[in-house]
Structure formats: C-alpha cells, structure tokens
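# Tertiary structure, described
Listed below are the residues making up each chain.
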Amino acid sequence: MADNKAVTVQEKNITEKTLSRVKQLEKDGDLVLPSNYNYGNAIKSAYLILQTLETRDKRPVLQACTQVSIANALLDMVIQGLSPSKKQCYFIPYGNQLQLSKSYLGNIASTKRLKGVKNVYANCIYEKDDFSYVIDLETGLKKITKHEQSFENIDITKIKGAYAVVVMEDGNNYVEVMNINQIHNAWNQGAAKGNSGAHKNFTDEMAKKTVINRACKNFVNTSDDSDILIESINRTNEYREEDIIENVQAEVKEEIKENANKEVLDIPFAEEPTQEVVEAEVVSEEEFNEAGF
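Right, let's walk through the structure included here.

Calculation rules
Residues numbered from 1 in each chain as written. Predicted model: local features only at pLDDT ≥ 70, side-chain atom pairs only at ≥ 80, totals over all residues. Heavy atoms only, no water. Helix = DSSP H or I, 4+ residues; strand = E, 2+ residues; numbered from the N terminus. Buried < 20%, exposed > 50% of the residue type's maximum accessible area, 1.4 Å probe, protein only. Contact = heavy atoms within 4.5 Å. Areas by Shrake-Rupley, 256 points an atom, 1.4 Å probe, with all protein chains shown as cover. Pairing = 2+ DSSP bridges. Axes fitted to C-alpha atoms, helices over the stretch in contact; angles between N-to-C directions. Parallel < 35°, antiparallel > 145°, perpendicular 65-115°, else oblique. Left-handed = near helix turned anticlockwise from the far one by under 90°. 1 Å grid on protein atoms, 1.4 Å probe; cavity = no way out; pocket = protein on both sides within 12 Å on 5 of 7 lines; lining within 4 Å. Points joined across faces, edges and corners; volume = space filled by probe spheres on them. Salt bridge = Lys/Arg side-chain N within 4 Å of Asp/Glu carboxyl O.

## Observations concerning the overall build of the chain
The number of helices and strands found in the chain is eleven helices and seven strands. Going through the 293 residues of the chain one by one, you find that 47% of them count as buried. Taking all contacts inside the chain whose residues are at least 6 apart in sequence as the whole, residues at least 24 apart take part in 69%. Total accessible area on the chain is roughly 15,100 Å²; 45% of this is exposed by carbon and sulfur atoms.

## Here's the deal with the sheet that holds strand β3 (residues 117-126)
Here we have three strands laid out as an open sheet, ordered β3-β6-β7, and antiparallel in their pairing. Whereas interior strands pair on both sides, the edge strands pair on one side only; in this sheet they are β3 and β7 (174-179). Strand after strand, the sheet turns through a mean of 10° between neighbouring axes, direction not considered. Sheet strands in contact with helix α8 (residues 203-220) are β3, β6 (159-168) and β7, and its direction is about 140° off that of β3.

## Examining the packing of helix α2 (residues 39-50) against helix α4 (residues 67-79)
At a minimum axis distance of 10 Å, the contact between α2 and α4 shows a crossing angle of 135°. In this view, α2 runs oblique relative to α4, as classed from their interaxial angle. Remark: the crossing between α2 and α4 carries right-handed chirality. In contact with Tyr39, Ala42, Ile43, Ala46, Tyr47 and Leu50 of α2, α4 contributes Ile70, Leu74, Met77 and Val78.

## Some details on the pairing of strand β4 (residues 130-135)
Sheet topology places β4 next to strand β5 (residues 142-148); six bridges connect them, and they run antiparallel. Following the sheet pairing, Val134 is matched in β5 by Lys143. Adjacent in sequence and paired antiparallel, β4 and β5 are bridged by six residues, among which Gly140 carries a positive phi angle near 80°.

## Looking at the layout of surface pockets
Considered as a void within the structure, the second largest pocket measures approximately 360 Å³ in volume. In this structure, the second largest pocket is lined by 15 residues; those nearest its centre are Asn36, Tyr37, Gly81, Lys86 and Gln88. The set of elements that each furnish at least two residues to the lining of the second largest pocket consists of α2 and α5 (104-111). When residues of the lining of the second largest pocket are assigned to their parent elements, the largest contribution, three residues, is made by α5.

## As for the pattern of salt bridges
Taken as a whole and assessed by the stated rule, the structure comprises three salt bridges. Close ionic contact of Arg235 with Asp76 constitutes a salt bridge, the shortest N to O distance being 2.7 Å. In this pair, Arg235 is assigned in helix α9 (residues 227-235) and Asp76 in helix α4, connecting sequence segments 159 residues apart. Close ionic contact of Glu205 with Lys208 constitutes a salt bridge, the shortest N to O distance being 3.2 Å. Placement of both Glu205 and Lys208 in helix α8 is noted, with a separation of three residues, approximately one turn of the helix.

Structural measurements only, silent on function.
In structure tokens, the structure reads:
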C-alpha cells in the first residue's frame, strides 16, 4: 500500500513538473505543438508504460532512474510530438538515466514537425525498374528524375535499393538513395546481421525503414528550425541496440504479429551503426527541484 502511494506521489511530481515546463515553453514561444497532439494524454500513456518497465537487473525503471531523467525523457517526447501508444517512441534505461528512443515511425513524425516538411516516404527499387536520379552540383541535393515500376517487378529477392524523400513545401525535396549493398552494410551493424525473420520475410519494409532512418537523421541537421526541437531530435537518435532489444522486444513482436497475419517474427531494433549514448539532460537537478522545473 505504501509502495503504491509512493508511486502515485512520484507520478504526480514528475508529470506536473513536465506539464508545467511544456506550458512555459509554449508561453515563451519556444515550442509550437501540432493542434491534434494532446500532450497531457501522451504523458499519461507514457507513465503507464513506464510502470511496467524494468532495467536489465529487473529493477522497476521508476525506482532505478532519477526523476530528472524521467521528466526529461517525457519532455523530449512532448517536444517532438510523439506518442508511445502509436509505437513512435520507447523509453530505454541506461544505468540510473532514462532516455527516449524513436522508432522509424517516430523519425517520420518528428521530421514532419520541422518547418516546411509536408511528408516523408520511401520506395524500393527492384530489378527491371527504370530508375534514375541526378545530383544538383550547386546544392549537393539528389533529385529523382524517373522511377517506373511494373507490378511484375515486385519481388523481395530482387531489390536493388531504396530511396526516401522528405517532401518540402517549397519543392526542394531532400532525397536519400541507398543501394542494396549499403542497406546490407547497415543491417550488418545490428545483432541479427540482417538475418532475422523480419529481414527475410519483409525485406522491402526493412529496406524502406533503413533509408527513412538515414534520410531523417541527415535532414535534421540541414534544418534551421528551433534549437530546442533540433536538439531533442538529435538527442533521441542515440541508442544502444542491445538495450532496445531487451526493453521493447515484446512490444515490437506484438506489432509484427498484428501486421503480419499473426505470425511472430524476430526483428532488429537498430539499423544504423551502434553508437555510444551521450548523456544530455535538458534540465539540472537544481532546476528540477524548483517550481515548474
């Protein structure tokens, strides 16, 4: 009974201060959230998930991680307009620090928050497709000039590559193109080495996820959007694959099961080279203890 009361007090403390910080950022004009994004509901949903998570040594995340890091992870989620219930983000404990990590769906969602971005999409290139692109020598940007594809060409064993496009309102789209060797090299950085059931049975979808992740990651650093949003996006691009596997395997398998005729498949959780996490807190301990952060 006492434990439940302590958890309730902790939840109220963290969520109220996170909400207070968000409202202050909005008031100062440093944060503009999508009109259809209810950050109060997103925070409540996230906290319900956090109550079920454990660290690698089976300790409850809410007890093992500092309140500051929990609040900052929630704040990163809100700044980017993400929803854990939509599988756009996950919470990963690193020692006593909690960090937000994005899925490829989260990469798309946060990238679409940037100024002038209309959409993000990807396509696979198959053998016998008529595909070509050029590079603008003044801007360095790629531009797809042709992609014609016949229905008969679609075969996951004959994928030559994939491309992702960040569609801009001004027409100056950002394009990333990867051939199949580059895609395989990215997969080889993960624990599954591209040999998981998801890679074998949904090769096209995995290839598109890979090129989307690269496009979003590279595009962010070309944007002149607000520093607070850019910093949050970059901060949540850092993760260690083994931690993600341990913490979200059940959730991702459930997603695959729903989307693949109830067949449970193994799926890797990182397709970019594994990187060391750079701890970067949005607020300090002293600031957290003050009213409203």
